[in-house]
Structures are given as structure tokens and as C-alpha cells.
Amino acid sequence: MKKIFIIPILVFFVSLTFAQTGTEKTGSLLWKISGNGLTQPSYIFGTHHLFPLSFLDNVAGLKEAFASSKQVVGELVIQDMPTMQAEIQRKSMMPSDTTWQMLFSEDDYRFVDAQLTVFLGVGLQALGAFKPFMVSMIFTVTLYQAIFPEVNPNESMDSWFQQQAIGKGLPVLGLETIQDQVNAIGVGSLKQQATDLVCVMRNIEFVQLSARRLNDLYQSADLTGIAELLREESPNPCPSNAELEYALNNARNKRWLKKLPAIMADKPSFIAVGALHLAGEAGILYGLQQAGYTVEAVR
């Protein structure tokens, strides 16, 4: 993704013009997957990890799709979250032979320290044990909550679907392991991570604008718009990071597309993943269509 500051909002997404062919799969967040030997359809829903749960009440066909499913599939089994958090913390620690002063100029160090103190109440003295990517994630989510105070980060759509499944006695599956998720974050050198963090902090107004645009696009189910927003070269003030984009999105989509056929053949499934994973030619929807499935928007 071209904008490092959008990544934590996604891990990581009403009707618009829609075309059934090619990459133009947009205008809906809920999609029906049928054909190609499936005896019953499955459904896939694009989530936004930091969006009010009340939004789900307005998604046409969502309750019916969920009720017809015999298992729920997410990016990761949420019950494994404590283990994942421990693994992320382990990966996020700065190497003992590296300091923040080695990654920043003197001016950038003072600037980042001051910005963290303003937004988080603590500076680099408290956060200096973390790598820059982790500080960037903490800062971005804090900024996002300031923009959208109605969002409760402890009530994500992804965990809600899995909790509902557990309450109904349905199996819950993850498309990837904890190690898969941990490996997808913190890509790039420490110097590049530091550069990205400074860019975020020096362009807060642009970050705020992009966050509002992202929320509007999600609410409008504009998957194409979400993909384009995250890949804009201009007026994006921060440099692109193709390695990070591939690790967080395309590489994971490829792995998931290998697993989904067997999962859907076993039981009709309700699949909930970040909305960006559905969008574009590298997305799950287009990949399933290319594999021979019928992919239809639910409206």
C-alpha cells in the first residue's frame, strides 16, 4: 500500500456502478460465491477493522448470508489474539545494537519526540524500545480514534463475526497462522520505517483527509475507490513502499486463494476479511472468478 499510515486502519474495508467482469467488482461489501462444484454458496464480506459495528445493520442480505453459513472464516482466529500480540511485541522490539538517534537526524528526532508527546502523552524515551513500524501503528490508530471518536477499537467486525459463530456452535477457521500475520508486518529496513514515520507525522492533515476519504469509500462500498486511494501517487506526500504493499496484500491474497476452494467445498462459509483484499485484479473476488466460481454482489 502506498501510504504507510493507512495500513493499521485496514489490516489491516451504497451501491455504485458495478460490472461483473474483469477487475470492476465494486458497489457491494457482501458477495455470493457459487458454481465450480459447490453444492451450496458461500459468502465473503469486506470488513473495516476500525468502523462502528452498527454499520452492519445496514448491509443488505448480511443477516441471511450469515445465517445460511455453516462455518465462519477470518484472516486469523481471534481467539489466538493473545499469542499473536505476544509475537508482534517480540518482533517489534528494537535490536540492542540500534538506537533511534541512529535512524533520525537530530531535527527529525526532536520532531517525532514532540509529536508523540502531544498525541500519546509520552515521547521516545518511553517508546524507544519499539521499532519505528510499531510506533507508526500506535500513532496512526491513536490519530484515527481522534478523528472518529465513535469507533471502539475493541469491537471490530472481524471479532464480532467470530464471536457470533462461537455462540452458535459453528467452526471458526483462519486463513493464515499467527506467524503469517507477524511476517507481514514490519517489512523493510529500520531506516525506511523511520522515514515513513517522519512522513506520517509531517503530513497529519493529509493523513486525516485520507482517513475520512477511506471511511466514505467504505460506507459507499466503493472497493475500486479504496484500492485507488491506497495506490495514489499524487497528491500522496509519502514515498511508495512496493515491498510492504505486496507483503500485506497481494502475497496474502495468493495464499488465501489456494485455501478457499477446499474450505468452501467442505461447508458453506461466511468469509470476513479486510475490504482491500477484495478489490482489484490482485483481489480475492477477481481471483475466485478466474478460478471458475460465479461471483455476485449481494444488494
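Predicted, not measured: the structure shown is a model, and the values here were computed from it.

J.: Could you give me a rundown of the nonpolar core, with the residues and numbers involved?
T.: Counting 49 residues, the largest nonpolar core has Leu-30, Ile-44, Phe-45, Phe-161, Tyr-218 and Phe-270 as the members making the most contacts within it. The next biggest cluster of nonpolar side chains, apart from the first, holds 35 residues, and it includes Ile-88, Phe-148, Met-201 and Leu-248.

J.: Mind laying out the confidence of the model for the chain, listing which residues take part and the relevant values?
T.: In the predicted model, the chain carries a mean pLDDT of 85, and 87% of its residues have values of at least 70. The least confident element of the chain, judged by mean pLDDT, is helix α1 (residues 7–10) at 37; the most confident is strand β1 (residues 30–34) at 98. For the stretch residues 1–23, pLDDT sits under 50, and the model shows 99 contacts to residues farther than four places along the chain or on other chains.

J.: Give a detailed account of the sheet that holds strand β5 (residues 269–274), specifying residues and quantitative values.
T.: If you walk across this open sheet you meet the 6 strands as β4-β3-β5-β2-β1-β6, and the pairing is mixed. Strand pairing shows two members of the sheet lacking a second neighbour, β4 (172–174) and β6 (294–297), which therefore form its edges. Geometrically, the sheet is characterised by an average inter-axis angle of 25° between neighbouring strands, direction not taken into account. Bridge count between β1 and β6: 4 bridges; the pairing is antiparallel. Its bridge partner being in β6, Ser-34 is matched across the sheet by Thr-294. Packing of helix α8 (residues 157–168) onto the sheet brings it into contact with β2 (42–47), β3 (71–74), β4 and β5, and relative to β2 it is tilted by some 145°.

J.: Give a detailed account of the side chain of His-49, specifying residues and quantitative values.
T.: You can see His-49 is positioned in the loop between β2 and α2 (62–67). By relative accessible area, which is 12% here, His-49 ends up buried. Within the structure, the side chain of His-49 is placed 2.7 Å from the side chain of Asp-158, a separation counted as a polar contact.

J.: Describe the pairing of β2, with residues and values.
T.: β2 sits mainly inside the fold: 6 of its 6 residues count as buried. Alternating positions in β2 separate into two faces, Ser-42, Ile-44 and Gly-46 on one and Tyr-43, Phe-45 and Thr-47 on the other, with burial throughout. One ladder, built from 4 bridges, connects β1 with β2; its direction is antiparallel. Opposite Ile-33, over in β2, you have Ser-42 as the bridge partner. Both β2 and β5 contribute to a ladder of 5 bridges, which runs parallel. Looking at β5, one finds that Phe-45 is bridged to Ala-272.

J.: Would you mind going over the packing of aromatic side chains in detail, with residue names and values included?
T.: Aromatic ring pairs are described here by two measures, namely the spacing of the ring centres and the angle between the planes. Under the definition given, this model contains 11 aromatic pairs. Measuring from ring centre to ring centre gives 5.7 Å for Phe-45 and Phe-161, while their planes differ by 75°; the resulting arrangement is edge-to-face. Of the two residues, Phe-45 is situated in strand β2 and Phe-161 in helix α8; the sequence distance between them amounts to 116 residues. Per residue, the accessibility class of Phe-45 equals that of Phe-161, and both read buried. An aromatic cluster is present here, built from Phe-45, Phe-66, Trp-160, Phe-161 and Phe-270 joined pairwise through their rings. Of note, Arg-202 hangs over the ring of Phe-111, and the distance from its end group to the ring centre comes to 4.0 Å.

Reading guide: rules and limits
Residues numbered from 1 in each chain as written. Predicted model: local features only at pLDDT ≥ 70, side-chain atom pairs only at ≥ 80, totals over all residues. Heavy atoms only, no water. Core = buried A, V, L, I, M, F, W, Y, C linked by side-chain atoms within 4.5 Å. Buried < 20%, exposed > 50% of the residue type's maximum accessible area, 1.4 Å probe, protein only. pLDDT = per-residue confidence, 0-100. Helix = DSSP H or I, 4+ residues; strand = E, 2+ residues; numbered from the N terminus. Contact = heavy atoms within 4.5 Å. Pairing = 2+ DSSP bridges. Axes fitted to C-alpha atoms, helices over the stretch in contact; angles between N-to-C directions. Polar contact = N/O pair within 3.5 Å; in protein donor to acceptor, adjacent residues only side chain to side chain. Phe/Tyr/Trp six-rings, centres within 6.5 Å; stacked < 30°, edge-to-face > 60°. Lys NZ or Arg CZ within 6 Å of the ring centre and 35° of its normal.

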